[in-house]
Amino acid sequence: MANKDFEFISREEKLDSEQTRRSLTYWQDVWRRLKKNRLAMIGLIGVIIIVLFGILGPIFTPYKYSDQVLDFSNLPPRFDIYNIADDEYIFLTKEYRVLETTSKGELISRIDNIHKDQVNKIYYFAKEYEVTLEANTVGNYTPTETLGANAVYSTKWGIALEDSTNAAGVIAQIVYIHPNSPFQGVLMEGDSFDIQSNQNLTEIMLLADPNSTSSASTLIEGRMGSQAVIDALEANNGVEYFVVGDPQIEVNFSYKLMDPEDRPAGYEDVLITVTYEGKELTEKSDTVSNSTYLWGTDSLGRDILTRVMYGARISLAVAFVATIVNFIIGITYGSISGYKGGGVDNFMMRVVDIINSIPLTLYVILLMVVLRDVVIDVTLFGRYFVIFKGGSGLGTIIFALGSVYWVGMARLVRGQILGLKEQEYVLAARTIGVSTTKIITRHLVPNAMGPIIVSMTMMIPSAVFTEAFLSFIGLGVSAPQASWGTLANDALSGLTTYPYQLFFPAAAIAVTMLAFNFLGDGLRDALDPRLRKG
Amino acid sequence: MSESYNTQKPLLEIKNLKKYFDKSRGLFSKEKRFLTAIDDVSFNIYKGETFGLVGESGCGKSTTGRTIVKLYEPTAGSIIFDGVDLATVKEKDMLPYRRKIQMIFQDPYASLNGRMTVTDIIAEGIDTHKIFDDMPDPNKAKQERIYELLESVGLKKEHANRYPHEFSGGQRQRIGIARALAVDPELIICDEPISALDVSIQAQVVNMLEDFQKERGLTYLFIAHDLSMVKHISDRIGVMYLGKLMEVATSDELYEYPLHPYTKALLSSIPVPDPNNPNKGSRIVLEGDVPSPINPKPGCRFASRCEYSKSVVYRNEGSKSFVDRLEGRIARVTLLHPETNELIVKSNQVITREIAEYIDSLGKDEFVVGRDRCFSETPELIEVKKEHFAACHYINDLDGTGK
């Protein structure tokens with residue numbers, strides 16, 4: 001080919017032939033790179049799930065974080081059930097309580113024990129009887145016998161109770177039943193009820209006479225405190241449920257003498273035998289998941305799932321607020337220190353060193369003492385807001401973390417700014433005459449944003465962990481509020497028996513930290529590909 | 001170009017400019033260490049000319065440029081621009097002068113903020129100086145001005161909303177030039193604007209700078225180490241060595257008749273693309289390294305490497321003994337023990353009594369030492385010929401023909 005085969009193109013043509021595509025901003029490019037990093041995306045999804053879990057989770061649970069049901073305390077997420085009759089299942093807890101459940105693991109109620117024998121048998125009420133109170137049979141049952149001076153007689157139910165004592169302590173004993181009483185044939189004279197201890201409450205309520213002011217009645221009412229139930233009974237009709245002593249479930253916890261070395265793995269020394277109406281059930285019929293409390297309950301019968309959700313709120317709130325405070329203080333402080341340099345920088349960094357040298361734990365303890373009685377409140381638009389309450393522990397933790405954590409950020413930002421301020425684009429801006437504030441906000445901070453974002457993402461799990469640690473050693477939020485740290489702390493006392501109580505908050509902490517760390521690593525790679533490892 | 005500059009009033013007058021950086025170690029060290037980046041430099045730049053500033057790396061030419069725009073606060077001296085001494089103007093009052101002096105930077109990759117679009121970068125000066133604020137539609141005027149600037153530096157309107165990383169080095173340097181031009185400056189300090197560019201692009205950029213100079217009557221301070229490029233673009237040239245101005249002359253004069261030994265050495269290092277170059281082999285190779293600019297010794301900065309700073313002390317001359325005459329002077333050769341090869345005295349080391357006696361004991365008849373004046377007295381920049389200044393004590397002894 002000779003030169004004449006070619007012809008010159010004009011400059012316009014040359015420029016027009018350039019490939020043009022939509023320009024990506026820096027952050028679009030970062031997002032594009034982040035999306036390619038599978039681990040970071042898992043982390044991002046994890047973070048989103050955890051945040052939603054904390055924010056939306058409590059809406060979908062029927063319990064509050066402070067709701068206590070003592071009867072259902074320390075329940076595991078999965079348990080063994082025994083089928084005692086056609087559609088009746090019981091679950092024996094590790095505390096030898098008997099709970100009535102369904103075959104699907106829904107908890108119905110606690111079945112109370114009647115008495116324990118001296119050795120190893122505990123007897124429980126098995127059934128609820130249904131008694132229909134008919135209107136004409138309800139009313140004043142005038143006693144046909146002379147009652148003792150100690151007796152309390154309910155003219156409404158036709159039953160007289162008398163205080164009596166036995167080995168168990170004060171009990172109430174039925175001394176008289178009116179022949180027309182609805183309880184005739186159901187209760188027997190001589191039946192006794194232990195008012196003080198764990199007696200079946202419905203039963204005692206039946207005997208309560210709201211008109212009487214006698215000791216037994218007061219005692220009962222005082223114990224019950226449930227006016228609603230008493231009101232319902234006063235209505236004098238309808239169906240009432242109560243429990244009587246027969247038939248019984250007999251649970252035999254026999255201790256088998258066994259040489260620990262001969263004991264096969266998984267076998268316990270205690271052999272549990274459940275006897276119901278003479279039938280012996282040694283084999284558990286099924287292992288089901290707890291449908292009422294999905295993650296079980298803690299030692300006060302509070303739903304662990306709900307508490308972990310609330311814990312997520314508190315832990316993440318602490319982490320986010322502390323991180324945002326760090327972000328603002330750290331960037332402002334660090335960029336001023338780095339940009340001014342010289343003596344100003346030296347002074348500001350020594351202040352940081354001093355703050356950094358105080359141990360966080362000591363700092364929190366001191367703050368706790370100082371801030372205990374501090375309440376900051378405002379009335380805005382006629383509404384009352386509490387901005388800060390020192391006593392709750394939450395505000396103190398946020399305050400402590402916020403006022404200490406920023407030093408790391410300030411150092412990081414300072415280092416970045418020190419490097420960036422000698423960059424020629426900053427010199428160019430200075431030559432143009434751009435103000436210091438604008439140089440920092442438009443040139444320096446945006447270019448230092450990569451490491452700042454990474455550090456923030458890494459700071460969130462660290463704050464979560466610090467909060468958990470402080471709560472764990474008892475410096476965190478106060479009961480009944482729950483953070484993951486306090487949940488873990490609460491679970492620690494029953495660790496060997498109820499390990500699941502520690503598992504769930506610990507897993508939540510671990511998942512959060514992993515998710516944020518994955519995301520942070522991915523962000524670092526996406527923001528600065530030069531730092532990529534390996 | 002060759003008319004007399006003395007009759008003109010200079011646009012920029014640098015008088016005895018000094019910039020020392022404090023390099024003292026730690027809070028408690030007593031010893032003060034100063035890096036003398038610029039030491040007593042004076043020169044003038046006249047309106048419409050290009051003043052080239054050359055010198056090897058680290059000689060203070062960039063620092064000079066940056067001190068003129070007050071990126072560094074001068075230690076002493078004055079920077080008189082248009083009759084105002086910028087050295088005394090406080091930072092907050094600098095704004096009006098910032099518009100008149102602009103700078104083009106060396107590294108096109110570092111001189112543009114990667115987080116800003118081309119529009120933002122160029123508009124920064126316009127916004128800061130509120131150039132179009134009294135116009136009825138400042139945003140439109142600004143936009144038009146940016147397009148106009150982009151086109152004048154050879155870019156397209158479509159490039160306005162792109163980010164710097166989408167451009168090549170040459171294109172980025174053009175954006176940097178457009179940024180400097182946006183505020184209509186009178187003086188532009190070009191801090192090695194082409195040294196990071198491809199050779200083919202260098203010519204484009206230099207030609208563009210020359211075109212702007214013609215169109216807009218700009219004045220350039222052109223800092224570079226590429227001597228042939230400086231010769232091409234500059235009207236007058238200053239040669240710097242270790243913070244000192246060694247020689248100032250018009251570009252043709254300097255290249256034809258260099259006076260200062262350093263300039264001679266510098267010019268001899270320009271490669272000539274001709275295998276039959278008659279001057280082949282005449283390259284002056286300087287001995288040793290550039291001395292440290294921290295707390296420099298008195299005397300000529302170039303003395304330690306200068307061929308002309310040598311003189312010889314003979315054993316048999318004058319009344320004093322050989323040892324007495326050697327003692328306290330500066331050795332200009334390195335002396336090794338003839339048998340053990342042990343170092344006795346290094347070049348540029350002060351000869352102590354002990355060393356002098358040792359030299360005497362070796363039975364040498366002569367010894368090369370430094371000229372006293374070169375090592376004790378700092379030479380002033382004096383006008384040797386018309387418009388030709390040089391700083392050397394023995395400038396009149398040296399051959400002014402370039403040999």
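Residues numbered from 1 in each chain as written. Chains lettered and ligands numbered in written order. Predicted model: local features only at pLDDT ≥ 70, side-chain atom pairs only at ≥ 80, totals over all residues.

### Quick look at the overall build of chain A
For clarity, the threshold we go by: A run of H or I in DSSP becomes a helix once it reaches four residues, and a run of E becomes a strand once it reaches two; helices and strands are each numbered from the N terminus. As a rule, residues whose C-beta atom has 12 or fewer other C-beta atoms within 10 Å are exposed, those with 20 or more are buried, and those in between are partly exposed; C-beta atoms are placed from the backbone. Placing a C-beta atom from the backbone of each residue, one calls two residues in contact when those atoms lie within 7 Å.
In terms of regular secondary structure, chain A is built from 15 helices and 18 strands. Looking at the 534 residues of chain A, the share that counts as buried comes to 34%. Once local pairs closer than 6 in sequence are excluded, the contacts in chain A between residues at least 24 apart make up 65%.

### What about the overall build of chain B?
Each helix and strand counted, chain B has 12 helices and 16 strands in total. Once the C-alpha set of chain B is aligned to its principal axes, its extents read approximately 90 × 60 × 45 Å. Looking at chain B residue by residue over its 403 residues, the buried ones come to 39%. Considering only intrachain contacts with a sequence separation of at least 6, the fraction spanning at least 24 residues in chain B is 67%.

### Remarks on the sheet that holds strand β1 (residues 10–22) of chain B
Residue and element names in this part refer to chain B. Put simply, the rule reads: Whether two strands pair comes down to DSSP finding at least two bridges between them. Only C-alpha atoms enter the line fits that serve as axes; for helices the fit covers just the stretch in contact. Angles between N-to-C directions range over 0 to 180 degrees.
The antiparallel open sheet is built from 4 strands, whose spatial order is β2-β1-β4-β5. The two strands at the open ends of the sheet, each matched to only one other strand, are β2 (34–46) and β5 (84–85). Its contacts with the sheet put helix α1 (residues 61–68) on β1, β2 and β4 (76–81), and the angle it makes with β2 is roughly 65 degrees.

### Observations concerning the interface of chain A and chain B
Note the following rule: As a working rule, the residues Ala, Val, Leu, Ile, Met, Phe, Trp, Tyr, Cys and Pro are called nonpolar, Asp, Glu, Lys and Arg charged, and the rest polar, with Gly in that last group.
Across the boundary between the two partners, chain A contributes 19 residues, which contact 27 residues of chain B. Top contributing element to the side of chain A that touches chain B by residue count: helix α12 (residues 424–432) of chain A, with 8 residues. Tallied by class, residues from the side of chain A that touches chain B come to 9 nonpolar, 8 polar and 2 charged.

### Side note on the packing of helix α8 (residues 304–340) of chain A against helix α15 (residues 500–527) of chain A
All names here are of chain A. Going by this rule: Angles are sorted into four bins: roughly parallel if under 35 degrees, roughly antiparallel if over 145, roughly perpendicular if 65 to 115, and oblique for all others. By the definition used in this description, the sense in which the near helix is turned from the far one sets the handedness, with an anticlockwise turn below a right angle giving left-handed and a clockwise turn giving right-handed.
The N-to-C vectors of α8 and α15 enclose an angle of 30 degrees; their axes lie 10 Å apart at closest approach. Between α8 and α15, the angle falls in the class roughly parallel. Both α8 and α15 take part in a crossing whose hand is right-handed. Mapping the contact onto sequence places I304, V308, G311 and A312 in α8 and Q501, F504, P505 and A508 in α15. Residues belonging to the contact of α8 with α15 are distributed by class as follows: 6 nonpolar, 2 polar and no charged.

### Observations regarding the sheet that holds strand β1 (residues 78–85) of chain A
Residues and elements named next belong to chain A. With antiparallel pairing, 5 strands are arranged side by side in an open sheet as β4-β3-β2-β1-β16. For this open sheet the edge positions go to β4 (107–111) and β16 (286–289), each flanked by a neighbour on one side alone. Averaged over all pairs of adjacent strands, the angle between strand axes in this sheet comes to 40 degrees, irrespective of strand direction. In this sheet, β16 lies alongside β1 in antiparallel orientation, the contact comprising 4 bridges. The residue bridging I81 from the neighbouring strand is D286, located in β16.

### What about the confidence of the model for chain A?
Residues and elements named next belong to chain A. Our working definition: Confidence of the prediction at every residue is given by pLDDT, a number between 0 and 100.
Residues of chain A with pLDDT of at least 70 account for 69%, and the chain-wide mean is 74. Confidence drops under pLDDT 50 across residues 125–138; counting only partners more than four residues distant or on other chains, this segment forms 35 contacts. Across residues 195–247, confidence stays below pLDDT 50; counting only partners more than four residues off in sequence or on other chains, it has 79 contacts.

### Some details on unusual backbone geometry
All names here are of chain B. Phi is positive for K70, which is not a glycine, with a value near 60 degrees. Take K70: it is sitting in the loop between α1 and β4. Residue K70 is classed as partly exposed on the basis of its C-beta count, with 19 C-beta atoms lying within 10 Å. A positive phi angle, close to 40 degrees, is found at N295, a residue other than glycine. Relative to the helices and strands, N295 resides in the loop between α9 (261–268) and β11 (310–314). Taking the number of C-beta atoms within 10 Å as the measure of exposure, N295 has 13 and is therefore partly exposed.

### As for the pairing of strand β2 (residues 88–92) of chain A
All names here are of chain A. By the criterion of burial, β2 is predominantly enclosed, with 4 of the 5 residues buried. Between β1 and β2, which follow one another and run antiparallel, lie 2 residues. Taking the residues between adjacent antiparallel strands as the criterion, β2 and strand β3 (residues 98–101) are bridged by 5 residues, where Y96 takes a positive phi near 60 degrees.

### Brief notes about helix α14 (residues 484–492) of chain A
All names here are of chain A. Judged by how many residues are buried, α14 sits mostly within the fold: 7 of 9 residues are covered. Listed in full, the buried residues belonging to α14 are W484, G485, T486, L487, A488, D490 and A491. In this structure, the buried residues of α14 make contact with α8, α13 (436–472) and α15.

### Notes on the environment of Y97 of chain B
Residue and element names in this part refer to chain B. Summarising the element assignment, Y97 is placed in helix α2 (residues 95–100). Residue classification places Y97 among the partly exposed residues on the basis of 18 C-beta atoms within 10 Å. In this structure, the C-alpha to C-alpha distance between Y97 and V84, residues 13 residues apart in sequence, is 9.3 Å.

### Quick look at the environment of T36 of chain B
Residues and elements named next belong to chain B. Positionally, T36 belongs in strand β2. For the pair T36 and K19, spaced 17 residues apart in sequence, the C-alpha to C-alpha distance is 6.3 Å. Beyond its immediate sequence surroundings of up to four residues, T36 is in contact with Y20, G243, P293 and P296.

### Comments concerning the nonpolar core
We count it as follows: Any nonpolar core is a set of buried residues, restricted to Ala, Val, Leu, Ile, Met, Phe, Trp, Tyr and Cys, that join up through C-beta atoms within 7 Å.
Counting residues in hydrophobic clusters, the biggest one holds 189 residues, and the most contacted among them are I90 of chain A together with L221 and F222 of chain B. Among all residues touching F222 of chain B, those that are not within four sequence positions of it are T50, F51, G52, L53, C190, V230, I233 and S234 of chain B.

### Examining helix α6 (residues 199–216) of chain B
Along an α-helix, a turn takes 3.6 residues, which lines up residues three or four apart on a common side. All names here are of chain B. To be explicit about the condition: Helix span, expected: 1.5 Å multiplied by one less than the number of residues in the helix. The arc refers to the directions leading from the helix axis to the C-beta atoms.
With 18 residues, α6 should cover 26 Å at 1.5 Å per step; its first-to-last C-alpha distance of 26 Å lies within 8% of that length. Those residues of α6 that fall on the buried side of the exposure criterion are V205, V206 and L209. One face of α6 carries all of its buried residues, which in axial projection span an arc of 100 degrees. Facing away from the buried side of α6, by more than 90 degrees, are the exposed residues S200, N207, D211, K214 and E215. Positive backbone phi, approximately 65 degrees, marks G217, located one or two places after α6.

### Brief notes about the packing of helix α9 (residues 342–357) of chain A against helix α11 (residues 394–420) of chain A
Residues and elements named next belong to chain A. One can describe the packing of α9 onto α11 by two numbers: an axis separation of 9 Å at closest approach and a directional angle of 140 degrees. Judged by the inter-axis angle, α9 sits oblique to α11. Here α9 runs over α11; the crossing is left-handed. Contacts between α9 and α11 involve V352, I355 and N356 from the first element and V404, V407, A410 and R411 from the second. Taken together, the residues of the contact of α9 with α11 sort by class into 5 nonpolar, 1 polar and 1 charged.

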